[in-house]
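Fold and geometry: a report
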Amino acid sequence: MLGRPEYRKALLFCGLIGVPVALIAFWFLVALNQLEQLIWTDWPKDLGWKRAPWWWALPLLTVAGLVVGLVVARFPGRGGHLPAGGLHSGGITWQALPGVLVAALVGLPLGVVLGPEAPLIALGGGLALLFARLARAPQTQASTALLGAAGAAAAISALFGNPIVGAVLLMEVAGVGGPQLFAVMLPGLLASGVGDLIFTGFVRWTGFETGSLDIGLPKPPPLDWGDVPWVLVLAPALAFLIHWIFVGGRFTARFVATRTVRNTTLCGLGVAGCITLYAVTTGRSPAEAALSGEATLSALAKDPHAWPVGALIAVLAFKGLAYALCLGSLRGGPVFPALFLGGAAGALLAPLPGLGLVPAMAMGMAASVTAALRLPVSSVVLVVLLLGNVDTVALVVLAAVVSFVITQWLPLGPPIPAPPERPADQTAGSTSPRS
């Protein structure tokens, strides 16, 4: 394969495409962050409030629902894939780029409980195909799939700040190797997690050293064996929670399949209602229940004691319900809200006997994002990257495997309605594990 001239040309072209795609992805993320800061922090302060008032989400998400509904109904590509179906790497065309950008740049900063990863995948894949068309590169089914995956990987790597996450995520999303991929990878993942637990235990029990790649950086507290049994409690509970949120998203998708503009607007208003109820019942900022949860998760991890038990329970309930509505009606990615819900559940349960904050949040995030994506290896890599704590890797692996196995046994819920065919929609179907 590497010796074939056409493959070497494709490899070179993919490398060149990564430059403009990464630059555009960077400014796309900058625009989202700046708009979010402007709408949820600067505007309330400019109007005389210390933080966004309790009703702040109501007009914002009504507008978001209306605009996204119009994009879905009128634009080629329908603004991207429904997040209730998981992440998708195929089916995007360059004609769909305007709709993807409008839906993301309007909906996400206005408080939609979704992340930017799905629009980035669509943006990267669509831009790669557009550049190939402008360069008049040969268009075949194989080359289109290759260029789309390369562009998507470049864009998603810009979000996570790590090329390994982008490559592993796109490999699992694209379903390379088909069902056999999971059949081969899951036992190896489980065995490696158990092996790491045993190895860690023997090092601590015996006091002997076997050599290490450690270069002397400061370490967090070592893994406590009391944390391990909690994997069998926390991982199944979060797998059930996130799974049924996605089932709710599929029912929402059926609701918005007819009279799309009106029903998507109603879903946006429903999301705003959930966020408003959170702010009213807790007296806290509505921004904590809105948006993707990426910034709020960081604040929670740094100062968990600032969150009373009631606030954690409320954010799990109201943000979870808003997440289900967004999954079936609006546009964005499912990763960061799932991470936040898992982290919040871990922080809520961390005071339990034998459990600590870091292990609890690690288990929670791994179990929840695995249940959302059904991509165990990508979930492990992502959570380990976010935590920056190698001592919790074994817990992360076990939580991801338990969550993945449980979600495979659970019913998916109603099928997502197929969009009506339009001449501009040259979609090629999806290979997402949730399809």
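Look a little higher up for the structure.
Residues numbered from 1 in each chain as written. Predicted model: local features only at pLDDT ≥ 70, side-chain atom pairs only at ≥ 80, totals over all residues. Heavy atoms only, no water.

**Description of the overall build of the chain**
- Scanning the chain from terminus to terminus reveals 15 helices and 0 strands.
- For the chain, the proportion of its 435 residues judged to be buried stands at 51%.
- Taking as baseline every contact in the chain between residues at least 6 positions apart, the subset at least 24 positions apart corresponds to 80%.
- Summing over all exposed atoms, the chain offers an accessible surface of approximately 19,300 Å²; the carbon and sulfur share of this is 70%. (Helix = DSSP H or I, 4+ residues; strand = E, 2+ residues; numbered from the N terminus. Buried < 20%, exposed > 50% of the residue type's maximum accessible area, 1.4 Å probe, protein only. Contact = heavy atoms within 4.5 Å. Areas by Shrake-Rupley, 256 points an atom, 1.4 Å probe, with all protein chains shown as cover.)

**Comments concerning the environment of Ala272**
- If you trace the backbone, Ala272 turns up in helix 9 (residues 260–282).
- Spatially, the C-alpha atoms of Ala272 and Thr62 are 7.4 Å apart, while their sequence positions differ by 210 residues.
- Not counting residues up to four positions away in its chain, the partners in contact with Ala272 are Ala57, Leu58 and Leu61.

**Some details on unusual backbone geometry**
- Residue Leu291 is not a glycine yet carries a positive backbone phi of 65°.
- Overall, Leu291 belongs to the buried group, its relative accessible area being 6%.
- Positive phi, close to 55°, is recorded for Arg374, a residue that is not glycine.
- Residue placement: Arg374 occurs in the loop between helix 13 (357–373) and helix 14 (376–387).
- Residue classification places Arg374 among the buried residues on the basis of a relative accessible area of 5%.

**Section: the pattern of salt bridges**
- Under the counting rule described, the total for this entry stands at 1 salt bridge.
- Between Arg284 and Glu288 there is a salt bridge, and its shortest N-O distance comes to 2.9 Å. An identical accessibility class is assigned to Arg284 and Glu288; each is buried. (Salt bridge = Lys/Arg side-chain N within 4 Å of Asp/Glu carboxyl O.)

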